[in-house]
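Each chain, written out:
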Amino acid sequence: MARLQPVRGTHDVLGDKAIRFRTIYEKFKSVAERYSHQEIDTPIFEFTETFKRTLGDTSDVVTKEMYTFEDRGGEQVTLRPEYTAGIARAFMSNGLQQSAPCKFYSFGPMFRYERPQKGRMRQFHQMDVEILGVPEPQADIEVIALGSDLLDELGIGKHIKLELNSLGDPGSRADYRDALVKYFTGFKSALSEDSLQRLDKNPLRILDSKDEGDRALIENAPRIFEFYNEATKNFFDEVKSGLEALSINYVINDRLVRGLDYYCHTAFEFTTDQLGAQGTVMAGGRYDGLMEMMGGPPTAGIGWAAGMERIAELISEEILLNSDRPVVVAPVGNSTQVVAMKIAHDLRLDGIVVDMAYRGNVAKRMKRANKQNAAFAILIGDDEIARSVGMVKNLDLGTQEEVSLSNLSQYIREAQK
RNA sequence: GCGGGUGUAGCUCAGUUGGUUAGAGCGCCAGAUUGUGAUUCUGGAUGCCGCCGGUUCAAAUCCGGUCACUCGCCCCA
């Protein structure tokens, strides 16, 4: 027997969750469009190589988290674990260098083979925003402001803080990396096993180790800002003063890093303490080296991705978008079925949300209406048909009156105001 | 991949030192009320006690394994 279970780490989106998702998406779309971003939808899978190139052969995502398989034509393909690679690829595939700068937004499912946990699924959903072809710090400011506005409009800005850092330009970044390796190599025997691996794979990552022994060493490790050159400093200052001009609060976290080499300058995360171990709600940064690394022309890029499921857990009931309450048409007796269906259809053509009470006696059908959270029930019996009226009952007030069929739509619309 | 917790009705959960027919609330269905819902009253059905094996006269209960969920580590949105 087939297991009537969803695959581990996947979930059905329905009911309250669906409403939350839709609310978040509508706000996201509206805010992104106000920043003049265009919608883009890239395929949910790409050639495996696309992700390997961009994420690096040693990253956890590539080494153990990708859903990779061979298709019938023998191609190695991978369900996307993140957005940026696909969008960068689309940028080049479509020759959009011509129309740069490009500002995109997108929303959809992502896949990572991980052990599920609170706020972490194997199929999850992200909203994503990218600006391609703008090396100026104004893009950094705009992208962060977009994210900040969205969280505010979702009513969760107060629970979330913006952590900000600069990884520097490639020059200062490389200097810092060297200094870190040198420093930690001196304490090799004291480092945790995890950090020991990070030392040659991804030394910057040691900085956010939670191991107590590591933390003591990290305290005295060289700080990234000591290695900022003039260009880096200027860029970062512009970002910071821009955020201040827009009254966007941030805290500097010089332990906030990105492992891969194509990242530079701005790195940021919007985090909360209300989601257990998974505190990051939105994260992004600048990746000016990415396109070149993928084999395209040098193109600046900055963006962020935000986790729908995580945000869905934070937003409160009050901001959820509610849909129109339906009107329920209830035929009385089988002979009225067809006429009732026609009445329902006319109402629908007039833009009214209509459900039908399909079976049972009048009490049953009224019950059905009530369960659908209907505002009105319209009883249609032989008697009503003979006189071209419907018996319209207001289910909130318990009152009812006969309304001529030709006035039904208008009556409902007025009453719903 | 590693460690902790939990699996009993559609949902939330009780179930005594192992003891024979496994419970409650909510929800669901039916009736009171065959042209009037939500309230009220009455009645009904909930079930491989996650799955497999072991111990025992006897297992929802104890033991082992397994699967799932969940929390944390790693990593990330």
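What you see is a predicted model; the values in this text were computed from it and never measured.

Caption draft 1: View of the layout of surface pockets. The calculated volume of the second largest pocket comes to roughly 230 Å³. Forming the walls of the second largest pocket are 13 residues, and the residues nearest its centre are S148, D152, G157, I160 and N249. Residue composition of the lining of the second largest pocket, by class: seven nonpolar, four polar and two charged.

Caption draft 2: Summary view of the protein's contact with RNA strand B. Every one of the 46 residues lining RNA strand B counts as a neighbour, but R112, R120, R205, T280 and L395 are closest to it. K364 is positioned with one of its side-chain polar atoms (N or O) 3.2 Å from a phosphate oxygen of RNA strand B. Contact between RNA strand B and M366: a sugar or linking oxygen at 3.5 Å from a main-chain N or O atom of the residue. The greatest single-element share of the surface near RNA strand B, amounting to seven residues, is contributed by helix α13 (residues 362-371). Taken together, the residues that form the surface near RNA strand B break down as 13 nonpolar, 13 polar and 20 charged.

Caption draft 3: Representation of the confidence of the model for chain A within the structure. With 98% of its residues at a pLDDT of at least 70, chain A reaches an overall mean of 90. Ranking the elements of chain A by mean pLDDT puts helix α3 (residues 60-65) last with 75 and helix α5 (residues 137-153) first with 97.

Caption draft 4: Representation of the packing of aromatic side chains in the model. Tallying each qualifying case throughout the model produces ten aromatic pairs. Measuring from ring centre to ring centre gives 5.1 Å for Y183 and F187, while their planes differ by 55°; the resulting arrangement is tilted. Taking relative accessible area as the criterion, Y183 reaches 18% and is therefore assigned buried. Residue F187 is classed as partly exposed on the basis of its relative accessible area, which comes to 33%.

Caption draft 5: Representation of the sheet that holds strand β4 (residues 76-79) in the model. If you trace the three strands from one edge of the open sheet to the other, you get β2-β4-β3, paired in antiparallel fashion. Only two strands of the sheet have a single neighbouring strand rather than two, namely β2 (45-47) and β3 (67-70). Sheet twist, expressed as the mean angle between neighbouring strand axes with direction ignored, is 30°. With three bridges connecting them, β2 and β4 associate as antiparallel partners. Each residue of the ladder has a partner; that of E46, found in β4, is T78.

Caption draft 6: How the structure looks around the domain arrangement of chain A. For chain A, the assigned domains read domain 1 (16-169 + 229-319) and domain 2 (327-416). For domain 1 versus domain 2, the distance between C-alpha centres works out to 48 Å.

Caption draft 7: Just a negative patch on the surface, in detail. A cluster of acidic side chains, namely E193, D194, D211 and E212, defines a negative patch on the protein surface. Structurally, E193 is set in helix α7 (residues 193-201). You can call E193 exposed: its relative accessible area is 66%.

Caption draft 8: Representation of α7 in the model. Restricting attention to buried positions, one finds in α7 the residues S195, R198 and L199. One side of α7 holds all its buried residues, which, seen down the axis, span an arc of 115°. Relative to its buried face, α7 has exposed residues pointing more than 90 degrees away, namely E193 and D200. Packing partners of the buried residues in α7 comprise α6 (170-185) and α8 (212-219).

Caption draft 9: Local environment of the pattern of salt bridges. The tally for this structure, following the rule as stated, stands at 19 salt bridges. Notably, a salt bridge pairs R34 with E153, separated by 2.9 Å at the nearest N-O pair. Of this pair, R34 sits in helix α1 (residues 16-34) while E153 sits in helix α5, placing them 119 residues apart in sequence. By relative accessible area, which is 54% here, R34 ends up exposed. Two residues, R387 and D383, come together in a salt bridge whose shortest N-O distance is 3.1 Å. By relative accessible area, which is 40% here, R387 ends up partly exposed. If you follow the salt bridges from partner to partner, you end up with D16, R20 and E317 in one network.

Caption draft 10: Representation of the pairing of strand β15 (residues 389-394) within the structure. Extensive coverage of β15 is indicated by the burial of five of its six residues. Sheet topology note: the strand β14 (residues 376-380)/β15 ladder contains four bridges and is antiparallel. Bridging from a neighbouring strand, F376 pairs with N394 of β15. Summarising the sheet, β15 and strand β16 (residues 400-404) pair through five bridges and their orientation is antiparallel. Within β16, the position partnered with M391 by the bridge is E402. Where β15 folds back on β16, the antiparallel hairpin that results is connected by five residues, among which G398 adopts a positive phi of roughly 80°.

Calculation rules
Residues numbered from 1 in each chain as written. Chains lettered and ligands numbered in written order. Predicted model: local features only at pLDDT ≥ 70, side-chain atom pairs only at ≥ 80, totals over all residues. Heavy atoms only, no water. 1 Å grid on protein atoms, 1.4 Å probe; cavity = no way out; pocket = protein on both sides within 12 Å on 5 of 7 lines; lining within 4 Å. Points joined across faces, edges and corners; volume = space filled by probe spheres on them. Nonpolar A, V, L, I, M, F, W, Y, C, P; charged D, E, K, R; others polar. Near = heavy atom within 4 Å. Polar contact = N/O pair within 3.5 Å; in protein donor to acceptor, adjacent residues only side chain to side chain. Helix = DSSP H or I, 4+ residues; strand = E, 2+ residues; numbered from the N terminus. pLDDT = per-residue confidence, 0-100. Phe/Tyr/Trp six-rings, centres within 6.5 Å; stacked < 30°, edge-to-face > 60°. Buried < 20%, exposed > 50% of the residue type's maximum accessible area, 1.4 Å probe, protein only. Pairing = 2+ DSSP bridges. Axes fitted to C-alpha atoms, helices over the stretch in contact; angles between N-to-C directions. Domains from an automatic or database assignment. Patch = residues over 30% accessible without salt bridge, like charges linked within 9 Å, V, L, I, M, F, W, Y side chains within 5 Å. Areas by Shrake-Rupley, 256 points an atom, 1.4 Å probe, with all protein chains shown as cover. Salt bridge = Lys/Arg side-chain N within 4 Å of Asp/Glu carboxyl O. Lys, Arg positive; Asp, Glu negative; His and termini not counted. Charge placed at Lys NZ, Arg CZ, Asp CG, Glu CD. Arc of directions from axis to C-beta. Contact = heavy atoms within 4.5 Å.

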